[in-house]
Amino acid sequence: MDISGLPVELWRLILSYLHLPDLGRCSMVCRAWYELILSLDNTRWRQLCLGCIECRHPNWPNQPDVEPQSWREAFKQHYLASKTWSKNTQDLESSNCFYLFRRKKDRRVLCVGPGYEFESLRVALAAANPYDRIVLLPGVYEEQSEIVLKVPVEIVGQGKLGDVALLVSIDQHCQTTRLCNVVFMPAWFTPVVYKTTSGHVQFDNCNFENGQLQIHAPGTCQVKFCTFNQCSINFHSVALCVLENCEFIGSENASVTVEGSPTSDRNWACKHLTMLAKSRSVLLQAPDSSPCSRSKHEDWGDSPVGNIRTCEIVVGGDHSNLPPALRTPPALEQTCEKEAELNGNLYTAKEGEAMTLDTDSSDSELSTGSENEGDDQSMYKLSYQAHSLSHMLTKVIYSRPQTNGLNALQNDFELKSLQQELQRDKEAQSLANSLQGCLIRRCLFRDGKGGIFVCSQGQAKMEGSIFRDLTYAVRCIQSSKVLYRLVIMLKNDIHHCKASGIFLRLSAGGLIADNNIHSNCEAGVDIRKGANPLILCNKIHSGLRSGIVVLGNGKGIIRSNQIYGNKEAGIYILYNGNPIVSGNHIFQGLEAGIAVNENGRGQIIENVIRENQWGGADIRRGGDPVLRNNLICCGYSDGVVVGERGKGLIEGNTIYDAAKKCQTALVVRSARGGNKGCGVWIMASSLPHITNNQIGHNSIYGVAVFCRKDDANDYLANQGGNESFNDEGEAAIWENDLDSEDERFASRRLISVALVESNSINHNGAAGLYIKSSEALNIIANAIHANQDSGVTVFQSTQLTRIANNSISCNSLGGILVETECRVELRGNGIYDNSSHGIACKGDGAIVENDIIGNLGCGLKLLQTANMKVTKNRIQALQDYGILILDQTKGLVQDNLIYQGKSKKNILQQVSNAEDCIVQNNKLLTFKRKSDIAWTLENPPARPHIEVTACGVSTATNSQRVTTMTTRIAARVDGGCHNNGSIFCTIL
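Residues numbered from 1 in each chain as written. Predicted model: local features only at pLDDT ≥ 70, side-chain atom pairs only at ≥ 80, totals over all residues. Heavy atoms only, no water.

- Going by what an unreviewed UniProt entry lists, the chain is known as F-box only protein 10 isoform X5 and is assigned to Alligator sinensis.
- UniProt, in its Pathway (unreviewed entry) section for the chain, records the words "Protein modification; protein ubiquitination." (UniProt positions renumbered as here; feature names shortened; annotations may be inferred.)

### Here we look at the overall build of the chain
- The number of helices and strands found in the chain is 17 helices and 79 strands.
- Counting all 988 residues of the chain, 58% fall into the buried class.
- Total accessible area on the chain stands at roughly 39700 Å², and carbon and sulfur atoms take up 48% of it. (Helix = DSSP H or I, 4+ residues; strand = E, 2+ residues; numbered from the N terminus. Buried < 20%, exposed > 50% of the residue type's maximum accessible area, 1.4 Å probe, protein only. Areas by Shrake-Rupley, 256 points an atom, 1.4 Å probe, with all protein chains shown as cover.)

### Thoughts on the environment of Leu38
- For Leu38, the location among the structural elements is in helix α3 (residues 31–38).
- Once the C-alpha coordinates of Leu38 and Ser70 are considered, the two residues, 32 residues apart in sequence, prove to be 9.6 Å apart.

### Things to note about the packing of aromatic side chains
- Here the structure, examined in full by the defined rule, presents 18 aromatic pairs.
- On the basis of an interplanar angle of 5 degrees and a centroid distance of 4.7 Å, the ring pair of Phe208 and Phe228 is categorised as stacked. Taken as a pair, Phe208 in strand β12 (residues 207–209) and Phe228 in strand β15 (residues 227–229) lie far apart in primary sequence, 20 residues in all. Residues Phe208 and Phe228 agree in their burial class; the two are buried.
- One residue, Arg56, lies across the ring of Trp60, its end atom 4.1 Å from the ring centre.
- In this arrangement the basic side chain of Arg475 is found over the ring face of Phe503, its NZ or CZ atom lying 5.1 Å from the centre. (Phe/Tyr/Trp six-rings, centres within 6.5 Å; stacked < 30°, edge-to-face > 60°. Lys NZ or Arg CZ within 6 Å of the ring centre and 35° of its normal.)

### Observations regarding the nonpolar core
- Ranked by internal contacts, the top residues of the largest apolar core, which has 132 residues, are Ile134, Phe203 and Phe235.
- Among the elements that line this core, the one with the most residues is strand β26 (residues 466–477), at five residues.
- Looking at which domains feed residues into this core, each of domain 2 (569–659 + 673–699) and domain 3 (755–925) gives three or more.
- Among all residues touching Phe235, those that are not within four sequence positions of it are Ile215, Cys221, Cys241, Leu243, Val256, Thr257, Val258, Glu259 and Cys438.
- One finds Trp11, Leu23, Trp45 and Phe75 within the second-largest nonpolar core, a separate group that totals 17 residues. (Core = buried A, V, L, I, M, F, W, Y, C linked by side-chain atoms within 4.5 Å. Domains from an automatic or database assignment. Contact = heavy atoms within 4.5 Å.)

Here's what the structure looks like:
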């Protein structure tokens, strides 16, 4: 029949009265009729789906107000799933075909209720044949003893859910059974309402009150659209069971317990359950169709941090696409360009030529004279070739890297999606696609003690479920020394738990990916006692304590997560916790971004750590992590804090705020600036190795070292969190199976003195390096440039501080300032073009073989009670004395080479006792006429001298004493490059 004879609207009205079989017949007439039947999705198919007593809203219980993409498809999926129980193909007769035909022909409907043939369920079951349908009329049915199911039947309650109640205990001995539209309550003699040990059971649209379900292998179950009120399910070594669209309320213990390794003895239903589960995996859904919606408890718009500064990371030199508010003003661009000129025009020579640093600029802020005076002064200016650290100055914030470097940087700091992670990590992909044990999908766990408990090699997979207002959501415990992949969690929503959201213990493992974990009273994820999970692409935020806690030999891989807005540390590692933390964005926390405490370890690699209230990374009390290649910026306090007894390798990190810079590879823009404290904050009682970092544009010091008794100790006492880590009263006694020291330090150089080497420290708001320490310290091969105070300030140093082979240039005050009673050794440094004295010293020690050139004040100023040995330095001061000796200065000034400046002031000695200060054998070079050849630093060339070898970087041995000092500090290994290598064995 041609449907064009009537309007489509009229056809839809007519067809809305048809039942399901008639709709099926109509859809088979022709393609036009088929499309017409499909067009009834929001009318007739919706009515059929919601009117079916065997199911509920397709998105119940998590999103009952959200309509499915297709009502017809939802109804079809439920219809097919409801027939799983009857797909048992085992032949009870001689022919499969004959058996199926007989089952259809002989299937009866048995009615149970007052006035009907059967008055009790027990009597009806005794009379039932295989696959009969037993209909329970409204009422309460109570049995005084256990019912044993011996034949496969279907038990269905008539009327609305709640009209039929069963007070029974059923033990299933048959191969398959289905129960639908019934309320189960425990009998007086046992809390177990249903148990199966071999067959398959299917529950649809049932309620369970105050009882237990027990499923033992090789038994299986399929539970859908059921409510469990103070009721629990226990799975024992099951191969595969499926819980879909169920609600668990008010459990006194765990709502679902999964224990025992999945059995290899599978019953007939496993293959059907596997096909059903794979066809509806959350990995196949579009990102916007995730069943985890925002709950009524959650308001992401209200940041727990208050008025947090926003921070946008722009990778690339092109700022044309930025919003107007984030673009650099033209005036600021001019300032940036001028600063680049003032601080030295850096350029790379052609291939084969050396890189040079030209500081001879007529409009330099370092010059205070007139234009004519500048021309005259240029005659005296000492010209020098680029020293060994000039390449580090090209990496300061205003320089522009190559395009390839920009793209690599963008890829490194970009947060990867779950699909990207699964594509590159085959183990994670295998875990995400695995299907064993218990599958829990689109369920709601609320208002109880526990959600899911997995133990004794049990396996569970959770997809698209919500866990809220529980004591804990998921708890995994494995008592074996062998690592088991117990739990797989994908796209779940876990929030408002009274303790931690997810607990992992005792060699537990698995995959926790793409979950939303927030607003929990303790940690979002708690890993301890050897647990080793894979945590990918989660949002972990707004917690009342830390985001992730790893302790008690806990391990794990934590990658590509967003961890933000937590009240304590974003990630807290302690008590020998040793995770791998990489590629995460950790921001807007109320304490440290990452805290490593109480002998915690870990590898913290390539993370973005920004806008945290305390240190970006906080290390103390034996914490010994590897902190490598991270971006740490825009913090309200220090970038990295190394507190009392802190250790660790801090390498290759970018610790700065570049909001003021206009030409940059990586621009971090914020409304109020960047790290408000220091770039790196160190306590003297710590032992860090800080190498090859970019530390710039911090509000106070670039690197600060404080003594233990400093007032800043009060600041440290409050950092790192105060989390309680005893598990339900257990003592904090951890296993003794710690990693061996050889394994721990296999890729690390051992140091006995805190070491700051090969860093670029530039454009900080105070001194580049500030030292107020009571212990020894080594400052080696750093480029300290353009800071707003002195390059290096040694305020207190009761033990020897060695400052060797550094480039200290263009700082707003002096190059190096040494206060009274400080012990220092300055050797092999290049101190150039600072706005005050090159070195001003009131302390004790030695100043040997330094180049002190082009500073606006004196080259070297010794005053008050200084007691220094000054030998073999090359010094030039353009407008002041090369060496100025005042007050009660003692020591030896010998064998120095002094280049005459414009002022023609060389050495001035005004001391109270000349016998205590010996000045002898110093050489003076004078400039007689303009035709003279310009001076250059040769034999040796400009300091510092750093050699890049096959093993890394080492100090050039231009004298026996330099060799001796380098050997003493570095403990060089003769005969090749050893694992521990030289202290300078680092690629800059």
